[in-house]
Amino acid sequence: RGFTMWQDIAGRGGFTGEASGIYTFNTSNVDPFIGLSVDYEFMSRPRSEYQADALAGLKFNVSDDKDLSLRYSKTLAHGMYYHEESESIRQDDGYTIALIGTKTNPDKTSHTIKLEYEHFNAGKTTAFGYEPDTDNWLVTYKKTF
């Protein structure tokens, strides 16, 4: 019985867009912000996933080169489409709380570490199944050039 070595390899791609406005409140040390974030990820097997969030938060200027932000995101739309099963699930009732630390270097590059808690309630049931309640802890590092 033969098999193809490459049949289990799947591709993955995606994009993230975020728009937020920052304004100064009383002093230059605290900057509240509000905005929108949109994410889309495509995996050839098994699914495509999209999410759109409303953002709100505070950015504290700790020093000339360090910022600390607290961000809350409310999920406006979150859905998955499972390509092999032709199944679609929506799981819109969710939120995220994040603590974000950023250090800016003299050459305007930066390092950012984000600690994030994400929660989704159970998704809508379909003929094929549903997405369960989920709680996720995420740690992200980002370097800008």
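The structure under discussion appears in the preceding block.
The paragraphs below set out a description of the structure included in this document. Being a predicted model, the structure only gives us computed values, none of them experimental.

## Considering the pairing of strand 6 (residues 94–104)
Where strand 4 (residues 66–82) and strand 6 come together, nine bridges link them in antiparallel fashion. Counterpart to Lys66 in the pairing with strand 6 is Lys103. In the sheet, strand 6 pairs with strand 7 (residues 110–120) via eleven bridges, with the strands oriented antiparallel. Within strand 7, the residue paired with Ile97 across the bridge is Tyr117. Between the end of strand 6 and the start of strand 7, which pair antiparallel, lie five residues, with Lys108 showing a positive phi angle near 70 degrees.

## Focus: the layout of surface pockets
Approximately 1,100 Å³ is the volume found for the largest pocket. Forming the walls of the largest pocket are 43 residues, and the residues nearest its centre are Glu18, Ser37, Arg71, Lys114 and Glu116. Looking at the lining of the largest pocket, the elements with two or more residues in it are strand 1 (12–22), strand 2 (30–43), strand 3 (47–63), strand 4, strand 6, strand 7 and strand 8 (134–144). It is strand 7 that contributes the most residues to the lining of the largest pocket, seven residues altogether.

## A short note on the packing of aromatic side chains
In total, this model carries three aromatic pairs according to the counting rule given. Look at Tyr72 and Tyr95: their rings are 6.2 Å apart centre to centre, the planes differ by 20 degrees, and that puts the pair in the stacked class. Linking Tyr72 in strand 4 with Tyr95 in strand 6, this pair joins segments that are 23 residues apart in sequence. A centroid spacing of 5.1 Å and a plane angle of 50 degrees characterise the contact between Tyr117 and Trp137, whose relative ring orientation is tilted. Here the residue Tyr117 occupies a position in strand 7, and Trp137 occupies one in strand 8, the gap between them amounting to 20 residues.

Calculation rules
- Residues numbered from 1 in each chain as written.
- Predicted model: local features only at pLDDT ≥ 70, side-chain atom pairs only at ≥ 80, totals over all residues.
- Heavy atoms only, no water.
- Pairing = 2+ DSSP bridges.
- Helix = DSSP H or I, 4+ residues; strand = E, 2+ residues; numbered from the N terminus.
- 1 Å grid on protein atoms, 1.4 Å probe; cavity = no way out; pocket = protein on both sides within 12 Å on 5 of 7 lines; lining within 4 Å.
- Points joined across faces, edges and corners; volume = space filled by probe spheres on them.
- Phe/Tyr/Trp six-rings, centres within 6.5 Å; stacked < 30°, edge-to-face > 60°.

Shape is all these values report; function is a separate question.
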